[in-house]
Every structure is written in structure tokens, then in C-alpha cells.
Amino acid sequence: AQSVTQLDSHVSVSEGTPVLLRCNYSSSYSPSLFWYVQHPNKGLQLLLKYTSAATLVKGINGFEAEFKKSETSFHLTKPSAHMSDAAEYFCVVSLSPYNFNKFYFGSGTKLNVKP
Amino acid sequence: GAGVSQSPSNKVTEKGKDVELRCDPISGHTALYWYRQRLGQGLEFLIYFQGNSAPDKSGLPSDRFSAERTGESVSTLTIQRTQQEDSAVYLCASSSRRTSGNEQFFGPGTRLTVL
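Per chain, residue numbering runs from 1 following the sequence as it is written. As a convention, the first chain written is A and the first ligand written is 1, with the rest following in written order. In keeping with the predicted nature of the model, local features appear solely for residues at pLDDT of at least 70, side-chain atom pairs appear and are counted solely at 80 or more, and the whole-chain, interface and lining totals rest on all residues. The basis for every side-chain value is the complete set of non-hydrogen atoms in the structure, without hydrogens or water.

Caption draft 1: Looking closely at the pattern of salt bridges. Basic side-chain nitrogens of Lys or Arg form a salt bridge, by our definition, when they fall within 4 Å of a carboxyl oxygen of Asp or Glu. Here the structure, examined in full by the defined rule, presents 6 salt bridges over all chains. Close ionic contact of Glu64(A) with Lys58(A) constitutes a salt bridge, the shortest N to O distance being 2.4 Å.

Caption draft 2: The environment of Ser27(B), seen in detail. Locating Ser27(B) in the fold gives a position in the loop between β3 (19-24) and β4 (31-37). For Ser27(B) and Val74(B), which are 47 residues apart along the polypeptide, the C-alpha to C-alpha distance reads 9.7 Å. Strands here are runs of E lasting at least two residues and helices are runs of H or I lasting at least four, both read from the DSSP assignment and numbered beginning at the N terminus.

Caption draft 3: Quick look at the state of the cysteines. The criterion for a disulfide is a pair of cysteine sulfur atoms lying within 2.5 Å. Here the structure, examined in full by the defined rule, presents 2 disulfides over all chains. Linked covalently through their sulfurs, Cys23(A) and Cys91(A) form a disulfide whose S-S length is 2.0 Å. On the S-S bond that ties Cys23(A) to Cys91(A), the torsion sits near -65°, and the link is left-handed. With Cys23(A) in strand β4 (residues 23-26) and Cys91(A) in strand β10 (residues 87-94), this pair connects stretches of sequence that are 68 residues apart. Residue Cys23(A) is classed as buried on the basis of its relative accessible area of 0%. With a sulfur-sulfur separation of 1.9 Å, Cys23(B) is cross-linked through a disulfide to Cys92(B). When the S-S torsion is -65°, as for the bridge of Cys23(B) with Cys92(B), the disulfide is left-handed. In this scheme, a residue with accessible area under 20% of its type's maximum is buried, one over 50% is exposed, and one in between is partly exposed, where area comes from a 1.4 Å probe on protein chains only.

Caption draft 4: Inspection of the side chain of Glu88(A) at higher detail. Topologically, Glu88(A) is positioned in strand β10. Although buried, Glu88(A) forms no salt bridge, and the nearest oppositely charged side chain, Lys110(A), lies 4.7 Å from it. Residues scored as positive are Lys and Arg, those scored as negative are Asp and Glu, and His as well as the terminal groups of each chain are ignored.

Caption draft 5: Looking closely at the pairing of strand β8 (residues 64-68) of chain A. Residue and element names in this part refer to chain A. The two faces of β8 differ: Ala65 and Phe67 on one face are buried, but Glu64, Glu66 and Lys68 on the other face are not. Pairing between two strands requires that DSSP report at least two bridges joining them. Examined bridge by bridge, strand β7 (residues 56-58) and β8 share 3 bridges and lie antiparallel to one another. Paired with Leu56 across the bridge in β8 is Glu66. Between the antiparallel neighbours β7 and β8 lie 5 residues, among them Asn61 with a positive phi of about 60°. Sheet topology note: the β8/strand β9 (residues 73-78) ladder contains 5 bridges and is antiparallel. Counterpart to Ala65 in the pairing with β9 is Leu76. Hairpin connection of β8 to β9: 4 residues between the antiparallel strands, including Thr72 at a positive phi of 45°.

Structure (C-alpha cells):
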């Protein structure tokens, strides 16, 4: 069985301060992990992905995520939040890069950035 | 095409009517997924197609929901006898075996409102 848990439904930070969005997964296999962002009234956009290469993954817009197998975590970080980062973020896990299967979405974390 | 397209972008219907939603995946993408996103909630898996294999229908919420895809082309999601709880954004995504990590590319969605 596998699933993904986003530990915070809402996160609020001030502009210019660090962002941490937490994600834990459970999987019996080597997972592929993704973070997607959804801005209001817009489609889902891939931020970054982990596919068993480097454990520290750099994505677009200054976001990073680190795969920690021992902690079964894939937390999303950014050193300095911008107002434009306000959106909903989804952590996603899939079974394997080379098998087609269902993608398991976390319930989402809404990021609010205060001026 | 350049990306996944969906039509219509918005659909308003009366309770009890049937609706058909269309998804055009990226050319060459063998996998196609349908998701539902209710207002303020995360993504709910509905169904996925992989090439000519039998689709995984395990996420369809009731027998009023069905989907078809011919080969690796267009897919249609049909909802019969719509209910108010069917109101949601329906998202389609496609992915490719040749894309490392099975990244999903999402369409803009169809916003369905059942009156």
C-alpha cells in the first residue's frame, strides 16, 4: 500500500521568510515523488520531481525538495517567499518511473504569503 | 498539440441531464488520467488509461460515470443523470513512458456546475 500525507492544510508566512511545506509518504517500492502547484483558477503545474537520482531536487521559482528515505519525507522548501507563491501545493507519489499506475495526491497545502 | 486540452472549459447543466467532457492528450502520450476536484478540496482519482490495456476504473464514484478512450487519442468522460454533488472541476492529465519519472501534464480542466 502507498499513500501520501501533507501534514499542514494551511501555511502562512511573511514575504521574504522561508517556506516549508511538509510531505510524508508510505510506499512498499521505490517511489517517484512530485510537487505540483495550483494557482487560483489555474491549472496544475509541476514544480519538481524526484526519480531516484539526486536526493536534493531543485525546481522552478526557487523551490527545492529533499528526498529522505529514512524519514519517508519529501518536504518542499524555499528560502524566501514571494507574494506570487501564494497558491495550493500538492505532493504526489507514484509507484515507479517505468510502470504506469495511479498517482496518489496529498490533500494539498494552501500557502498564504503576507506582505 | 503543445499541451493537454479539455473542452468545454465550463459547463452548466440541469440536474438529471447527461454531460460529456472531452480531453485531448499530448500527442504520443500513452497514459491518460481523469481526476475530480471539488471546491476547496484535493484531487480525486477517477480513471486511467494505458495504451490499449483495460482501464483502471477503480476511482469512478458510481455507475453514472464512464469514460472511453480509443487507442492513444482523445478521451471522453460521461456523467449520466447528473447530480448537484457532481459539481466540480474535472481535470485530465497525460504522461509518457519516455518521460523520466512519469510526469503528468495537466489540462486546464472543465468546470461543471449542476443546478
